[in-house]
Amino acid sequence: MLRALARPLLASWFVYGGVQSYLEPEARAARVAPTVEPALRELGLEEVKTVDLVKIHGAASVALASALALSRTPRSAALGLAGLAAATAALAHPFWKEEDETRRQEELDQFLKNVSLVGGVLVAATAGHSQRHIDRKKARKAKAKEKAAEAKEKEKAAKAAAKDAEKQARSKKRAA
């Protein structure tokens, strides 16, 4: 029961942040540009715009957070969100570069919030499926096994009927 509530609550921050990144990428792109743009140049990707990367990051966050909230591939979604949150922490809040003590503290707070989110989604990645999901999966397996057994029985019956029909046909030939 708690997982059904916890995953959407955890995912809500990622959905909100992802939507904001997609709709208003300029401010976030300006924040990460000093770190991202030199890396893009070094990789020979000068034509890639930081704004586009921020939009992609936002869309990926929304998609993965939605998958986590709906418990669709929760482990994969949580691991993807952990990667995105770690990138956000490192690129968007480099507190170690700040000279002003007040600004450094603000960036440290934001950095730690993002690191906490990484921890939260890593816990979600290890939480596994709910008991209800496990029970449904077992029931589906049992039903599939039952159908396979029925199909096998029908196949045996059909083979036996074919053999009987063949025997009767041979008996009629001999009798004739």
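Everything discussed here concerns the structure shown above.
None of these values were measured; they are calculated from a predicted model.

Now for the nonpolar core. Counting residues in hydrophobic clusters, the biggest one holds 16 residues, and the most contacted among them are Leu 10, Phe 14, Leu 68, Ala 78, Leu 81 and Val 121. Of all the secondary structure elements, the ones that give two or more residues to this core are α1 (2–23), α3 (50–69), α4 (74–92) and α5 (101–126). When neighbours within four sequence positions are excluded, Val 121 is seen to be in contact with Leu 10, Phe 14, Ala 78, Leu 81 and Ala 82. Judged by nonpolar contacts, the second largest core, of six residues, contains Ala 29, Val 36, Leu 40 and Ala 92.

All right, on to the packing of α3 against α4 then. In contact at an axis separation of 8 Å, α3 and α4 are set at 145 degrees when each is read in the N-to-C sense. Between α3 and α4 lies a crossing whose hand is left-handed. Between α3 and α4, the contacting residues are His 57, Ala 60, Ser 61, Leu 64, Ala 65, Ala 67 and Leu 68 on the first element and Pro 74, Ala 77, Ala 78, Gly 80, Leu 81, Leu 84 and Thr 88 on the second. Considering only residue class, the contact of α3 with α4 consists of 10 nonpolar, four polar and no charged.

It is worth spelling out the layout of surface pockets at this point. Estimates place the volume of the largest pocket at around 710 Å³. Taken together, 29 residues form the lining of the largest pocket, with Ser 21, Arg 28, His 57, Thr 88 and Ala 92 sitting closest to its centre. Mapped by element, the contributors of at least two residues to the lining of the largest pocket are α1, α2 (25–42), α3, α4 and α5. Taken together, the residues of the lining of the largest pocket sort by class into 14 nonpolar, 11 polar and four charged.

The rules behind each value
- Residues numbered from 1 in each chain as written.
- Predicted model: local features only at pLDDT ≥ 70, side-chain atom pairs only at ≥ 80, totals over all residues.
- Heavy atoms only, no water.
- Core = buried A, V, L, I, M, F, W, Y, C linked by side-chain atoms within 4.5 Å.
- Buried < 20%, exposed > 50% of the residue type's maximum accessible area, 1.4 Å probe, protein only.
- Helix = DSSP H or I, 4+ residues; strand = E, 2+ residues; numbered from the N terminus.
- Contact = heavy atoms within 4.5 Å.
- Axes fitted to C-alpha atoms, helices over the stretch in contact; angles between N-to-C directions.
- Left-handed = near helix turned anticlockwise from the far one by under 90°.
- Nonpolar A, V, L, I, M, F, W, Y, C, P; charged D, E, K, R; others polar.
- 1 Å grid on protein atoms, 1.4 Å probe; cavity = no way out; pocket = protein on both sides within 12 Å on 5 of 7 lines; lining within 4 Å.
- Points joined across faces, edges and corners; volume = space filled by probe spheres on them.

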